[in-house]
Every structure is written in structure tokens, then in C-alpha cells.
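Structure at a glance
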Amino acid sequence: MVVIRSSPGQHKGVCFLAALFFVVLLLLPCQLWAGEYLDSAHGSTLHGVKRPSIDSAGYARGNCAHCHEQHASIDGAEPEPSSGTPSPFALFTTNFDSSKTLGPYSESDNFCFYCHNATASIQVVTNYDYSQNFGCAGLQVSSIMDAFNQASYHNLYDIWSFARSSFSSWFTNGSNPCNACHNPHLARRNWAYPSDPLYSAISKPTDHFNLWGTTSLMSAYSYESPYCSGTSREPTGSGASNGGSTPDYVSFCTNCHNPSNTIYSTSLGRDLVKIDWSSQGDKHGARNMDGGLDIEGPYGSSGGYVLSCLDCHEPHGSSNILLIRRRVNGGDLHDSITTYSTNYWGYLCTRCHLDDYDANAGTKEPYRWRYVHHEAPDHPYTAMRCGQCHGGGSMPIPCTNCHYHGAVDSRTGLINF
Amino acid sequence: MIDRGLLWILVVAWLVVLATPCTARVTGLCANCHTMHNSQNNVAVNSAGPNNALLNSNCAGCHQGQNTGTNTTPYVFDPTGPVYGSTGTESQSNTLAGGNFYWVAQGYNAAGHNVAGITSQDPRLGNTPPGGSALSGRLTCAGTNGCHGDRSVGDSTKAMLGSHHYNDSSVWKDGSTTANSYRFLKGIQGLEDTSYEYHPVSSSHHNKYYGVARSSETDTATGTISSLCAECHGDFHDGNGNLVPASESFGAGVWVRHPTDFDMASAQSSSEYQGYNGGTGTDNPYSIISPVATTDKTTTLNTTVYSQSGDAIVMCISCHRAHGSPFDASLRWDYKSWPAGGYNGCAVCHTTKD
């Protein structure tokens, strides 16, 4: 027999370690790890999918049958809503009506809208826009469909059309355009945990079968989280200042919106402007700034920031054109931007850049930009030969004459965005 | 003179042969099943009158009882209430591959096939099977309105002629005759587990189902176990527009109904099926909870999946029990209660949906 002898001191040490181990075990959070679907918003037993006709038939919440009918019928009959014919992906109705090339959308246009709709017939799911949910704005819309049905929206037909050709390994004619960005079996309740990216609701189109943004974060860039309210940061006022609470939306959005892809917009009647967020592209992206920076907090004059697409844009739809958020960097835009060629863009720009009013220079008027253009120490344009920029019209001129994604002043070579 | 050692070997060999269980062919006294005059000790064996083929009883009469693992007659109806467990494969379970008619006989109509002589007619469906056309009468075990035997013969007993006495479960059933058909389902192929999957074991002891790796929804996949189901539930198995929308090609991943007789290895839209039953896409362990069919017609048991072409074929009975189960739609597991409770057998194939 082997006898292990230990001194009293050793014995006490072992006891202490055992006790410590036990205490650590007790302190560990009690977590039950479910599978990917059960962790998703749709698979949740508390919040998941729930179709009335299926619920009344006794199916548990989150069960597949709330969305799918494996044989286009149950017990020999088609549960409500009855479309009369079997639908792609064995869904209870048509996934997407591809004849619907423009909004506004109604419930029957998109399978998702049977729930993500303030007056949905199946299950009313409340969702707010990004400005409210992550940016501390007040109420404007309370569902995804309502978010789409605004002045500008991520055109679903165009997404569907682009995804069919670009992501054909998994996106088919019968697919839903929402799935280009969301995997319904994975997407989590991000809105309920806005500052915890582990609850991401998005999947990159090129990596549809994984969530995106859980560990790939904006903190990988030279990023400064914008203000949400006061000096608290996005998302939702409790975000990390370095983007550690924000998914990497740059990589996500540029999965489609990059310098290579030509994407046609039915809404705009033209190809979308290609976005180059690299060091060779826009200054709002990774390109180094030139000159100084007359800027609002939390940004510093040293610059060098890479912005998140969602710092300025809504993902689904907006009351402004071009999906511009209604609240940016801790403040609501003064008014809606409803046309492209306007100096109302100042409502957006002034959320981060010093206008004459904030600079207390130039015209000293809000939403005017004489100081930064002509008077600041690093002003790019000398106030002479006015007509070269201003033409013969009245001042000020529309911001979009010079500033837009990819804008370069052909006369001076300045990168203007 | 015979060497004593050799003699000893021969004796042992003979005893081994005698001790080897029969391969499901009916054995024993004729009187176990037949009565010559429908009379025993001056009492009618069957008070309703003699049966065809001089049988003591009908299908349900003989195949009624509780499975113990030693019974050679497979019991498909246990009126005392069988033990099923979560999936019908647990150690306490005493049901067989087809499940049991007990629950449907209790009036739980969705829990199995409402077969005449065992259950009352399904008040919801009448004689019209979901996905198919109305039968000419009540569903029966065999014959024209049944599953077993020769389905061109009207009478259940006559449809089974030439089956029980000629069965050989050691060979691949090629469907050529009723006896040479999987479980006497005439025309259906497969390899029969000699204990009818009483306490099946993935690696050694289960049925081997025949499937076809289809490339078209109009392929009726003759000879497969799913094609048998399709004889009544046709829309669920084949037919133009029944599985695939007009804008898609077969196998592209867009189904309008859950496919059967389709090889998961051919799935283009997702790779999740390669994780079948916890595997990685090569030599996955066969699942007795959600089994798959194979195109392989040898008597080698398919204990692994994703090991050869056409060995991961979805079939109707990947999800359903043919006779009945405690669950809605005669499913193998309690799908309806999942995810709050129940069991997610779907995740055996849909490995990311758990």
C-alpha cells in the first residue's frame, strides 16, 4: 500500500486550495448554454416565434412549426394563414414577393413582416430604429416594416436581386432579402441587450451561417463611439468609448458596399455610389485626414478616426433620404433631410463638425460653413473667385456639390469626404 | 474411425447451429397460428366464424402483446400500454421500429395510423390520408387499403399469402415477392433487424432502410420505404411542384415540403447536415433516433453515415413511426413540446437548429 505522507503545513495548503476551488465554483455564473437556434430571438422559449394557429394547436413557443409547415399542412389541413399553396422553405406563406420592386411595403410582401410589423397579423414584434435603440433618440417607428416605410429604405428588391447573383451559394430565388443580413435561426435579440455585441442580430452575407459582430468589434479600428445622450456613449448610453460594445459594422456593410460591387438602386434609378472605406478611400473611413479638424466631441482634433457606417446611417429605413439617421452623435438632426441637393445636410454635418455658430466665427449662424471653408487656419479654399464653387447663385451652396462618398475636388485634388 | 476431437468439434458446431435464432421465419406448432376446423374442445376458436387461411386470428390478434426482447412475434399493439421513452430507443422502451398502435387506439388520432380492427376511424380525416386521395375503405394492415402484403389484393389475409412461411431476414429483401419484401411490404427493399429494433444499437443492431438519392421530384423512387408512404401520402414525397418551387432546381435547398429520398450529402444550401448525429461529415455514427436510408443493397449493416455515396438519405420514417407513437403526427419524438420541453430529434440532421 502506498501511503502519502504530508506535513501539517502541506495539508493546510491543500485544504486551502480545495476550499478556494470550491468557492470559485460557487461564484461562477450559472449559465445554461443552449444551441444556436435556442439562443436566437426566434428560438427563445420566452420571446420566440408564436403563430396563433400553431400556438392554439399546442406547439411550444419557438417551435419550428410557427414558421415552417414540413408538409404544407398539419393534420391534413393548412393552418392559418392559409396561402393555398406550399411555399419555399416550407414557410407558411410566400417568402418575398419579388414583383414588389419599390416600397412602401405591406405585410404580404415579405414573410418577416407577418411579425415585424406594428399591426402584424401573426405576432406583433416591436422594434425601434437604430437611432432610438442604440442612439438614445425618441420614438419614431415601432416595427421593422414601419422603419422601411419611410423616406428612404434599404430597397428589398435590390437586396434580393444583388444577393441572388453575389451570394448564390446559399441565397436563391426563393430567399428573403432580410436574410442577406440576418440569419433567422441565429439572430439574437440585440435590441434588448444593445451594448452587448454577443447578442448580435446580423450575419455577413459571405458568412451567412455565423453571427457577425460578436467578437469582431469597432474597437479594432481607430474608433470613437459617438455620444448617445449627454456624454454617454453609443450604444444606448452605456457603450464603451473605443467601440468595444459595437459590432464591426464597417466590415459588415462593406461586404456589399465596397469599391468592387456595382449595386443598382431601383429607388434611386441609378447605381449606388461605391464605398471605399480603406486608407485609399474616404477620410471618414481609414484614409488619413489632411489639414486640421474643427470638430465636436467626443472627437479630438488629432483626427484619424474610422467611423462606423451606422454612426450616420440607419440599416432599414429613415425619415431622411439616403438612410441618414435622425439622431447622430448625441443630438437629433434639426430637421429632416428630404432632398439631395440642399444645404440642409448641415443638420447632419454639424453633429460632428463645427459650423459657424459653434465656431463663433464666419457668419456665426447655425448650419453655415464659412469658417471651416474660408477662415479656419487650415481652410481649404481662399475666399476669392467665388464663382468657381458657388457659381452665380446665392450662398450657401448645397453640401452635396462637394461632399459625398468618394468625393474628390477635381480642381484642387482635395478629398472631400 | 473418426477422430474423437473432430467428433467433438462437429457436435459443438451442430449445437451452435441449433442454438442460432431463426431469421424471423414463422416456427413452432401449426396450431399456434392455425385451426383446422375453427374448433377446439368443441368451442369455436373464433366466435365470429372461421378466418381465411385457417388462421386463429387476424393481424392484430397475433401481433398484439408486450415486447420483451424474447418474443419472436413482433408486437405492434400493446393494449396494456407500452413504454416508449423520449425516442422509443431508450433502454426502458419496449416498442419496435414501427412504434405501437396503443396511443392511437386510445383515441389520440394524430398519434398513429387508424387501422381497422385496432382503432376507430379518424374523425378528422375519414379515409383520406393527408397528401393523398381517399381510400376506398378503412385503412387496413394489408391489401388494397393497407401497407403490408400484396396491395393489389383486396383481402388483408390473402394479400399476405406466401409471406410468413418464406421469410428470410438474413438476406437483402429485394421486393420481388411479398416474402422477399422488407417487412412483407411488397415491393419495398431493405434489410430487416431480426429483433425488429427492440432496443436498437447504432453500431450493430437496427434495420437497414433502402432509399434513392433522387435528382428529380417526379422520380417515384420505387422500392424505397418512403415510396411506400407515398402510395397514400403522395404529395409529401413526389410529383411536379410538390417539393420544389417552379423557380428552383431540385436539391438547390429551396423546398416547399420537407424532402425525402434525398441524400443530405447533396444539399447545396447548407453544410449543417454533415454534422449528422454529432459527426463531422465522414463516417458519422448512424442514428437510431433519426435514421437515414441508403442506396447500398448489401447485407452489411450501415453503422456509419457519410461513408459512401447515397448513405444519408432522408426518409419519412427518419421522423415518423409507421404504426404509432405517443406523439402528434406519429413522430419519433415529442417535437410539439420543443423547445420548452419535448425532444429535438430534428437536430440530428438540422445540427444548427438546436
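Residues numbered from 1 in each chain as written. Chains lettered and ligands numbered in written order. Predicted model: local features only at pLDDT ≥ 70, side-chain atom pairs only at ≥ 80, totals over all residues. Heavy atoms only, no water.

Let's talk about the domain arrangement of chain A
Residues and elements named next belong to chain A. Each domain of chain A was delimited in the assignment, giving domain 1 (129-139 + 149-310) and domain 2 (333-417). Distance from the C-alpha centre of domain 1 to the C-alpha centre of domain 2: 26 Å. Contacts between domain 1 and domain 2 engage 16 residues on the former and 15 residues on the latter. Across the domain 1 to domain 2 interface the summed buried area is about 1400 Å²; carbon plus sulfur atoms make up 55%. If you look at where domain 1 meets domain 2, you find zero salt bridges. (Domains from an automatic or database assignment. Contact = heavy atoms within 4.5 Å. Buried area = accessible area lost by both parts, 1.4 Å probe. Salt bridge = Lys/Arg side-chain N within 4 Å of Asp/Glu carboxyl O.)

A few points about the interface of chain B and chain A
Taken together, the contacts link 29 residues of chain B with 34 residues of chain A. Summing the contributions of chain B and of chain A, the shared interface buries around 2500 Å²; its carbon and sulfur component is 59%. When residues of chain B are sorted by the area they lose upon contact with chain A, B:Y335, B:K336 and B:P339 head the list and together hold 22% of the total. Put simply, chain B and chain A have one salt bridge between them. Residue B:R124 pairs with A:D75 through a salt bridge whose shortest N-O separation is 3.2 Å. Class assignment for the residues of the side of chain B that touches chain A results in 13 nonpolar, 10 polar and six charged. (Nonpolar A, V, L, I, M, F, W, Y, C, P; charged D, E, K, R; others polar.)

Some thoughts on the nonpolar core
B:Y209, B:I225, B:M264, B:Y276, B:V305, B:Y306 and B:Y335 are the most contacted members of the largest nonpolar core, which totals 42 residues. Elements with a minimum of two residues in this core: helix 5 (225-230) and strand 10 (313-314) of chain B. Apart from residues no more than four positions distant in its own chain, B:I225 is found in contact with B:Y182, B:L185, B:I188, B:Y209, B:Y210, B:M315 and B:I317. Listed in part, the 19 residues of the second largest apolar core include A:F148, A:Y153, A:A163 and A:A180. (Core = buried A, V, L, I, M, F, W, Y, C linked by side-chain atoms within 4.5 Å. Buried < 20%, exposed > 50% of the residue type's maximum accessible area, 1.4 Å probe, protein only. Helix = DSSP H or I, 4+ residues; strand = E, 2+ residues; numbered from the N terminus.)

Examining the environment of B:G132
Residue and element names in this part refer to chain B. Mapped onto the elements of the fold, G132 is located in the loop between helix 3 (102-105) and strand 3 (140-142). You can call G132 partly exposed: its relative accessible area is 31%. A C-alpha to C-alpha distance of 5.4 Å links G132 and G234, two positions 102 residues apart in sequence. What G132 contacts, discounting residues up to four positions off in sequence, is C232, H233 and G234.

Considering the packing of aromatic side chains
Residues and elements named next belong to chain A. Using the criterion set out here, one finds 28 aromatic pairs over all chains in the structure. With centroids separated by 6.2 Å and ring planes inclined at 75°, the aromatic side chains of Y340 and W345 adopt a geometry described as edge-to-face. Exposure remark for Y340: the relative accessible area of 35% places this residue in the partly exposed category. What makes W345 buried here is its relative accessible area of 8%. An aromatic cluster of at least three residues, connected via ring pairs, comprises Y105, F113, F148 and Y153. For R188, the ring lying beneath its charged end belongs to Y199, and the centroid distance is 4.2 Å. Over the aromatic face of W212 sits the side chain of K204, whose NZ or CZ is 4.2 Å from the ring centroid. (Phe/Tyr/Trp six-rings, centres within 6.5 Å; stacked < 30°, edge-to-face > 60°. Lys NZ or Arg CZ within 6 Å of the ring centre and 35° of its normal.)

Topic: the state of the cysteines
Considering all chains together, one arrives at one disulfide over all chains under this definition. Here A:C136 is linked by a disulfide to A:C228, with a sulfur-sulfur distance of 1.8 Å. Here the S-S torsion is close to 105°, and the disulfide linking A:C136 with A:C228 is therefore right-handed. Of the two residues, A:C136 sits in the loop between helix 4 (130-133) and helix 5 (144-148) while A:C228 sits in strand 2 (residues 227-229), which places them 92 residues apart along the sequence. When its relative accessible area of 27% is taken as the criterion, A:C136 is described as partly exposed. You can call A:C228 buried: its relative accessible area is 0%. Left without a disulfide partner, A:C312 is nearest to the cysteine sulfur of A:C352, which lies 6.3 Å away. Its sulfur unpaired, B:C30 is 8.7 Å from the next cysteine sulfur, which belongs to B:C33. (Disulfide = S-S within 2.5 Å.)

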